Amino acid sequence: QVQLVESGGGLVQPGGSLRLSCAASGFTFSTYGMSWYRQAPGKERELLAAITSAGGSANYEDSVKGRFTISRDNVANTVYLQMNSLKIEDTAVYYCKAFPTRGWGPDYWGQGTQVTVSS
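All figures in this text were calculated on a predicted structure; none of them were measured in a lab.

1. Structural notes on the sheet that holds strand 8 (residues 78-83)
In any sheet, the strands associate via hydrogen bonds between backbone groups, in a parallel or an antiparallel arrangement.
Step number 1: With antiparallel pairing, the four strands of this open sheet are ordered in space as 1-3-8-7. The sheet is open, and its two borders are formed by strand 1 (3-7) and strand 7 (68-73), each paired with just one other strand. In this sheet, adjacent strand axes meet at a mean angle of 15 degrees when their direction is disregarded.

2. A closer look at the packing of aromatic side chains
Step number 1: A full pass over the atoms with the stated rule returns six aromatic pairs.
Step number 2: Taking 6.4 Å as the distance between ring centres and 55 degrees as the angle between the ring planes, the aromatic pair formed by Phe-27 and Phe-29 counts as tilted. No difference in accessibility class separates Phe-27 from Phe-29, as the two residues are buried.
Step number 3: Judged by centre distance (6.5 Å) and plane angle (80 degrees), the rings of Tyr-95 and Trp-109 are edge-to-face. Here the residue Tyr-95 occupies a position in strand 9 (residues 92-100), and Trp-109 occupies one in strand 10 (residues 108-109), the gap between them amounting to 14 residues.
Step number 4: Its relative accessible area of 13% is what places Tyr-95 among the buried residues.
Step number 5: On the basis of relative accessible area, Trp-109 is assigned to the partly exposed category, the value being 37%.

About the cut-offs
- Residues numbered from 1 in each chain as written.
- Predicted model: local features only at pLDDT ≥ 70, side-chain atom pairs only at ≥ 80, totals over all residues.
- Heavy atoms only, no water.
- Pairing = 2+ DSSP bridges.
- Helix = DSSP H or I, 4+ residues; strand = E, 2+ residues; numbered from the N terminus.
- Axes fitted to C-alpha atoms, helices over the stretch in contact; angles between N-to-C directions.
- Phe/Tyr/Trp six-rings, centres within 6.5 Å; stacked < 30°, edge-to-face > 60°.
- Buried < 20%, exposed > 50% of the residue type's maximum accessible area, 1.4 Å probe, protein only.

Structure (structure tokens):
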């Protein structure tokens, strides 16, 4: 069955780095675009980054541009989010999402991983 499992979250100090992973199974990963979202308490879930199915193009939300990098490994069926220069306001639950790039179909969501940036 379809599964997206995020990992790599934790507690870091401001200015630190984390690398999140999202392992996918149960669908044809290489035909889906992948994206990362985050949601802080009391706030809407926001799109941070997206990458095309072959990994040839990526887009970033302004607040993370230059600090975060999305990448994917279509052999390992995994998407990554490298987060550098972390700020307190980056604290949130981070989610990965798969979306079909050919035809219409449902999006798939992971369960989320907590990132806490605190001094």
